[in-house]
Amino acid sequence: MMAYQVNKDVKYLNWTLFFGYFTAMQPWFFYGTWVKNPVYALFTVFLLLPCFCKPYLFDKKSVNRNQLRMCLLFLSLLFLHFTMGVNATLGVLPSIIILVFLFYLRSDLKVEALRFITEKMAICVGISLAVHIVFLIVNIPSGTFFPPDGSYNKGFDMQYVNIVSSWMPYKRFQSVFIEPGHLIVGIFPLLLINKFNLKNKYVLILFIALLFSLSLAGYLYSIVAFIYLSLSRGNVKKCIISIAASLCFIAGMYFYMQANEDSVLTKAIAERLVFEDGDFTGDNRVTDFVDNIYNKVKESDDIYFGTHIYDKAMIGEGINGYKAIAIRSGIVPLLLIAFAFFVQYKNCRSKDSLFLVLMLILMNSQNFYPYWVCTLIILIGGPYYLKINKNE
């Protein structure tokens, strides 16, 4: 086969997987329309169809070795959505097709795709970040965007290639994505598989974007990652520095909050680090209303496989945390998903792979999107990327 044709096919594959990764993070220009997350995945499946006809892109031996883990992940996703109803079950099928495709894809092509996604995501986010900084410095008029479905009814400031939640008392960077949390779901795993190698210009851009997102979760994930990376390299000195820096960060936020009660950092970070009633105030993925429902369900037999009697009542009341999913689907599907994620590190065994899947499980406990294409690409391709990535 001609090298030109192979390179052409690989480029097409990389762009298609980038499309799936990018759209799964929910850019504003699709949000609130009929184009929902399952449709993004379905578009990606259609774009991948030509790749299914290229046998040299696949490694059947690898699938045979990992077939049991592939089936476990396949069935756990299907079972979870089955508990949510027929529409949810049909909606997850495109993601499952992509999952199977990723398992069959050659490991070197998984690595190449993730390198491509890292670079292109950094370019997209970097352009948005530059515009965001300009708007922070200069008072330039901006447009307004209201999702067609009526969600986020207070709207967004439209800054050409960047949007900002207009109802927030401070300006958080979120690029073109509907929430800063969606940005973190996409860029933090890329930072992690690149081992936060800030000498790489693309990784540096993604890290600066994470800082400007003012995401408490993103900051805490990064602190945990820095500590782990220091330990895994056997660098005790760097580990001590990471822990000391983390403690200084928390202490600094506390004293800063005391001295500057109305500042952006106080409201975005420091106030959300306050520990009240056994929880951080920043853990706002569900409301008190959902918490109360969860406590009721937890004391009943519905905790195992969920109940739908509260579905309408919970609309708009915090739907991203694991508690809301436990109410609808029960704890059994959640534990099955967590276990299916956990065993994926065995596809390419290493302590870095184990840490990666543990971080993905932690992220999904806060933002529960295990079926998003971006999550699946990282879960299946990330361990191979970590194995080959020699950045220290």
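For the structure itself, look to the data block above.
A brief report on the enclosed structure follows.

Here is what the cut-offs are and how they apply
In every chain, residue numbers begin from 1 and rise along the written sequence. Two thresholds apply to this predicted model, a pLDDT of at least 70 for residue-level local features and 80 or more for giving and counting side-chain atom pairs, whereas whole-chain, interface and lining totals are computed over all residues. To get the side-chain values, take all heavy atoms of the structure and skip hydrogens and water. A run of H or I in DSSP counts as a helix once it spans at least four residues, and a run of E counts as a strand once it spans at least two, with each numbered from the N terminus. The contact rule is simple, with two residues in contact once any of their heavy atoms fall within 4.5 Å. Relative accessibility decides the category of a residue: with a 1.4 Å probe and only protein chains considered, values under 20% of the type maximum give buried, values over 50% give exposed, and everything between is partly exposed. N or O atoms within 3.5 Å of each other form a polar contact, as long as, within protein, one can give a hydrogen and the other can take it, and as long as residues adjacent in sequence are counted only when both atoms are side-chain atoms. Salt bridges are defined as contacts in which a side-chain nitrogen from Lys or Arg sits within 4 Å of a carboxyl oxygen from Asp or Glu. Expected span of a helix: the number of residues minus one, times 1.5 Å. The angle between axes fitted to the seven-residue stretch ending at a residue and the seven-residue stretch beginning at it gives the bend at that residue. Convention adopted: a line fitted to C-alpha atoms gives each axis, helices being fitted over their contacting stretch, and angles between N-to-C directions are expressed from 0 to 180 degrees. Small angles under 35 degrees read as roughly parallel and large ones over 145 as roughly antiparallel, with 65 to 115 read as roughly perpendicular and the rest as oblique. Handedness of a helix crossing follows the sense of rotation of the near helix relative to the far helix, less than a right angle counterclockwise being left-handed and clockwise being right-handed. Three categories are distinguished: nonpolar for Ala, Val, Leu, Ile, Met, Phe, Trp, Tyr, Cys and Pro, charged for Asp, Glu, Lys and Arg, and polar for the others, with Gly belonging to the last. Only protein atoms enter the calculation, which uses a 1 Å grid: trapped sets of points that fit a 1.4 Å probe without letting it out are cavities, open sets showing protein on both sides within 12 Å along at least five of seven lines are pockets, and any residue with an atom within 4 Å of a point is a lining residue. Grid points are joined across faces, edges and corners, and a volume is the space filled by probe spheres set on the points. Paired strands, as defined in this entry, are two strands with at least two bridges between them according to DSSP. Classification of ring pairs uses Phe, Tyr and Trp, with its six-membered ring standing for Trp, and accepts pairs whose centres are within 6.5 Å; under 30 degrees between planes counts as stacked, over 60 as edge-to-face, and the remaining range as tilted.

## Here's the deal with the environment of Tyr12
For step 1, the next point in the chain: Relative to the helices and strands, Tyr12 resides in helix 1 (residues 3-24).
For step 2, the next point in the chain: Distance from Tyr12 to Cys51, taken between C-alpha atoms, is 8.6 Å for residues 39 residues apart in sequence.
For step 3, the next point in the chain: Those residues in contact with Tyr12 that sit more than four places away from it in its chain are Leu47, Pro50 and Cys51.

## Regarding the side chain of Ser128
For step 1, the next point in the chain: Position of Ser128 relative to the elements: it lies in helix 5 (residues 107-137).
For step 2, the next point in the chain: Look at Ser128 and you get buried, because its relative accessible area is 2%.
For step 3, the next point in the chain: Engagement of the side chain of Ser128 in a polar contact is seen with the backbone oxygen of Val161, the distance being 2.6 Å.
For step 4, the next point in the chain: There is a polar contact of 3.0 Å between the side chain of Ser128 and the side chain of Ser175.

## A word on the pattern of salt bridges
Should their charged atoms come close, side chains of opposite charge can pair.
For step 1, the next point in the chain: If you walk through the whole model with that rule in mind, you get 5 salt bridges.
For step 2, the next point in the chain: Residue Lys54 is joined to Asp9 by a salt bridge in which the shortest nitrogen-to-oxygen separation is 3.8 Å. With Lys54 in the loop between helix 2 (37-52) and helix 3 (60-82) and Asp9 in helix 1, this pair connects stretches of sequence that are 45 residues apart.
For step 3, the next point in the chain: Accessibility expressed as a relative area gives 23% for Lys54, which makes it partly exposed.
For step 4, the next point in the chain: Here Asp9 falls in the buried class, since its relative accessible area comes to 10%.
For step 5, the next point in the chain: Linking Lys171 and Asp157 is a salt bridge whose minimum nitrogen-to-oxygen distance equals 3.1 Å. Of this pair, Lys171 sits in the loop between strand 3 (163-165) and helix 6 (180-193) while Asp157 is found in strand 2 (residues 156-158), placing the two residues 14 residues apart along the sequence.
For step 6, the next point in the chain: For Asp157, a relative accessible area of 18% corresponds to the buried category.

## Some details on helix 6
For step 1, the next point in the chain: The end-to-end C-alpha distance of helix 6 is 20 Å, a good match for the 20 Å that 14 residues give at a rise of 1.5 Å each.
For step 2, the next point in the chain: The largest bend along helix 6 measures about 25° and falls at Gly186, with the proline Pro189 one to four residues further on.
For step 3, the next point in the chain: Counting buried positions along helix 6 yields 14 of 14 residues, so the element is predominantly enclosed.
For step 4, the next point in the chain: Phi turns positive, to about 55°, at Lys195, one or two residues after helix 6.

## Some words on the packing of helix 14 (residues 331-342) against helix 15 (residues 351-366)
For step 1, the next point in the chain: Where helix 14 meets helix 15, the closest approach of the two axes is 9 Å, and the angle between their N-to-C directions is 155°. Comparing the axis directions of helix 14 and helix 15 gives the class roughly antiparallel. Here helix 14 and helix 15 pass one another in a crossing that is right-handed. Of the residues in helix 15, those touching helix 14 at Ala338, Phe341 and Phe342 are Leu354, Val357, Leu358, Leu360, Ile361 and Asn364.
For step 2, the next point in the chain: Within the contact of helix 14 with helix 15, the residues separate by chemical class into 8 nonpolar, 1 polar and no charged.

## Comments concerning empty space enclosed by the protein
Any empty space left between the atoms is revealed when a probe the size of a water molecule rolls over them.
For step 1, the next point in the chain: This structure, assessed with the given rule, holds 4 cavities of 30 Å³ or more.
For step 2, the next point in the chain: In this structure, the largest cavity encloses a volume near 70 Å³.
For step 3, the next point in the chain: In terms of lining, the largest cavity is formed by Val185, Pro189, Leu360, Met363, Asn364, Asn367, Tyr369, Cys374, Thr375 and Ile378.
For step 4, the next point in the chain: Taken together, the elements giving at least two residues each to the lining of the largest cavity come down to helix 6, helix 15 and helix 16 (373-388).

## As for the sheet that holds strand 2
Pairing between the strands of a sheet comes from backbone hydrogen bonds, and it takes one of two forms, parallel or antiparallel.
For step 1, the next point in the chain: With antiparallel pairing, 3 strands are arranged side by side in an open sheet as 1-2-3. Single-partner strands in this sheet number two, and they are strand 1 (143-145) and strand 3. The mean inter-strand angle of the sheet, taken between neighbouring strand axes irrespective of direction, is 35°.
For step 2, the next point in the chain: Looking at chain direction, strand 1 and strand 2 are connected through 3 bridges and run antiparallel. Paired with Phe145 across the bridge in strand 2 is Phe156.

## Let's talk about the packing of aromatic side chains
For step 1, the next point in the chain: Enumeration according to the criterion identifies 18 aromatic pairs in this entry.
For step 2, the next point in the chain: Aromatic pair Trp15 and Phe18: ring centres 6.0 Å apart, planes at 85°, arrangement edge-to-face. With Trp15 and Phe18 both in helix 1, this residue pair falls 3 residues apart, about one helical turn.
For step 3, the next point in the chain: Between Phe196 and Phe207 the ring centres are 6.0 Å apart and the planes differ by 80°, which places this aromatic pair in the edge-to-face class. Linking Phe196 in the loop between helix 6 and helix 7 (201-212) with Phe207 in helix 7, this pair joins segments that are 11 residues apart in sequence. Exposure class is identical for Phe196 and Phe207. Each is buried.

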